[in-house]
Amino acid sequence: MSGTLFVVATPIGNLGDISSRAAETLRNADIIAAEDTRTSGVLLDRLGIGRQKLRAYHKFNEETGSDGLVAELASGKDVALITDAGTPCVSDPGSILVRKAVSAGICATAVPGASAVAAAISVSGFNAVAFAFYGFLPRKDRETSEVLRRINSEYARVAVFYESPKRIEASLELICRELPEAEICLCNDLTKKFERIYRGPAGDVLSEVRANPDSGKGEYAIVINLGPDKPGGETDGGGVSPEAEILELVLNGASVREASDRLIARGKYPKNDIKRAAIRVKERFELD
């Protein structure tokens, strides 16, 4: 019998956020594959677990290290995969190991817990029925500007990014330029000593960050509320767009053409807006 690969979420800062199931999984695992054994060692010390189980598994040895871990799993050992903080495989190493383990017929199961993405959205106050997570913003301003322009045409009107304290002011400046009407919830050092949450237009948030002497401490999660859909997707005042209504009808069994015809017959939106919305739905979801 092969072992099990446990993808274990660990606290993003406050060690008190470790779940009882995660702690038990780490205690019972034969191997703990950790992004940084020094950082994870502090957590294991807190839980009274010896560091002898630790094995370094990070972005620099992810490809080669995964083969050895899959062999251990195949031999019957249980492996717990953790990162420095939060959920593995979410802007952190781990996806290669999971993919190889599953390909080898090994069970991979999640032990859910902390995630900076979910934590930031939960305190944003934005309607995140649909949201898009993009990981870290590009390091070059030109590439960041391109990404910001692109997300403004996406179906999801809430976007989440990670950013480092060294780049946060530059990134906020670009958001001010590319998305001047967007509303921001900026989460810094979540669950840790210097935790602070900024809210408002990007320009106001940027001013507050510049005025905070501790703004260079701790990582950032940027939640951007893009507001209603743009040209061709104007809302009816209640936050519903023709694109959203077409998609809802498609999910209930209609074709895009049938959904468009029904919406036109209702007379709720201009006909051209509905046609443009139908084209976007086809392109984004690769529908006929």
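None of these values were measured; they are calculated from a predicted model.

1. A look at the packing of helix α6 (residues 141-151) against helix α7 (residues 168-178)
Angle between the axes and distance between the axes are the two parameters that describe a pair of packed helices. Packing of α6 against α7 brings their axes to within 10 Å, and their N-to-C directions diverge by 45°. By the angle between their axes, α6 is oblique relative to α7. The way α6 lies across α7 gives a crossing that is right-handed. In this structure, α6 contributes Asp-141, Thr-144, Ser-145, Leu-148 and Arg-149 to the contact, and α7 contributes Leu-174, Ile-175, Arg-177 and Glu-178. For the contact of α6 with α7, the per-class residue count stands at 3 nonpolar, 2 polar and 4 charged.

2. Some thoughts on the pattern of salt bridges
As enumerated under the stated definition, the model contains 19 salt bridges in all. Among the salt bridges present, the one from Asp-261 reaches Arg-257, with a minimum N-O distance of 3.6 Å. Remark: Arg-257 and Asp-261 occur in helix α10 (residues 256-266); sequence separation between them is 4 residues, near one turn of the helix. With relative accessibility at 62%, the residue Arg-257 sits in the exposed group. Overlapping salt bridges bring together Arg-55, Glu-72 and Lys-77 as one network.

3. Looking at the sheet that holds strand β10 (residues 220-225)
One open sheet holds the 5 strands; their spatial order is β6-β7-β10-β8-β9, and the pairing between them is mixed. Both edges of this open sheet fall to β6 (131-136) and β9 (196-201), since each of them pairs with a single strand only. The mean angle between the axes of side-by-side strands here comes to 15°, regardless of whether they run parallel or antiparallel. Bridging between strand β8 (residues 183-188) and β10 involves 6 bridges; their strand directions are antiparallel. Bridge pairing links Glu-183 to Asn-225 in β10. Seen against the sheet, α7 touches β7 (158-163), β8 and β10 and runs at an angle of roughly 5° to β10.

4. Thoughts on the confidence of the model for the protein chain
For the protein chain, mean pLDDT is 91; residues scoring 70 or higher make up 95% of the total. Confidence drops under pLDDT 50 across residues 230-239; counting only partners more than four residues distant or on other chains, this segment forms 23 contacts.

5. Description of the sheet that holds strand β3 (residues 54-56)
Across the sheet, 5 strands lie side by side as β3-β2-β4-β1-β5; this open sheet has parallel pairing. If you trace the sheet from one side to the other, it starts and ends with β3 and β5 (107-111), each paired once. Neighbour-to-neighbour, the strand axes of the sheet open up by a mean angle of 25°, direction not taken into account. Bridge count for strand β2 (residues 31-34) against β3 is 3 bridges, and the pairing is parallel. Considered in β3, the bridge of Ala-34 is made with Ala-56. In this fold helix α2 (residues 37-47) packs onto β2, β3 and β4 (79-82), with an angle of close to 160° to the strand it touches most, β3. In the packing of helix α4 (residues 95-103) onto the sheet, contacts are made with β1 (4-8), β4 and β5, and the angle to β1 comes to roughly 155°.

6. Here's the deal with the packing of helix α1 (residues 20-28) against α2
Running from amino to carboxyl end, α1 crosses α2 at an angle of 100°, the nearest separation of the two axes being 11 Å. Considering the angle they form, α1 stands roughly perpendicular to α2. Taking contact as the criterion, the partners of Ala-23, Leu-26 and Arg-27 in α1 are, on α2, Leu-43, Leu-44 and Leu-47.

7. Examining the environment of Ser-145
Mapped onto the elements, Ser-145 comes out in helix α6. Given the relative accessible area of 2%, Ser-145 is considered buried. Along the chain, Ser-145 and Val-158 lie 13 residues apart, while their C-alpha atoms are 17 Å from each other. Setting aside residues no more than four positions away along its own chain, Ser-145 makes contact with Leu-174, Arg-177 and Glu-178.

Conventions adopted
Residues numbered from 1 in each chain as written. Predicted model: local features only at pLDDT ≥ 70, side-chain atom pairs only at ≥ 80, totals over all residues. Heavy atoms only, no water. Axes fitted to C-alpha atoms, helices over the stretch in contact; angles between N-to-C directions. Helix = DSSP H or I, 4+ residues; strand = E, 2+ residues; numbered from the N terminus. Parallel < 35°, antiparallel > 145°, perpendicular 65-115°, else oblique. Left-handed = near helix turned anticlockwise from the far one by under 90°. Contact = heavy atoms within 4.5 Å. Nonpolar A, V, L, I, M, F, W, Y, C, P; charged D, E, K, R; others polar. Salt bridge = Lys/Arg side-chain N within 4 Å of Asp/Glu carboxyl O. Buried < 20%, exposed > 50% of the residue type's maximum accessible area, 1.4 Å probe, protein only. Pairing = 2+ DSSP bridges. pLDDT = per-residue confidence, 0-100.

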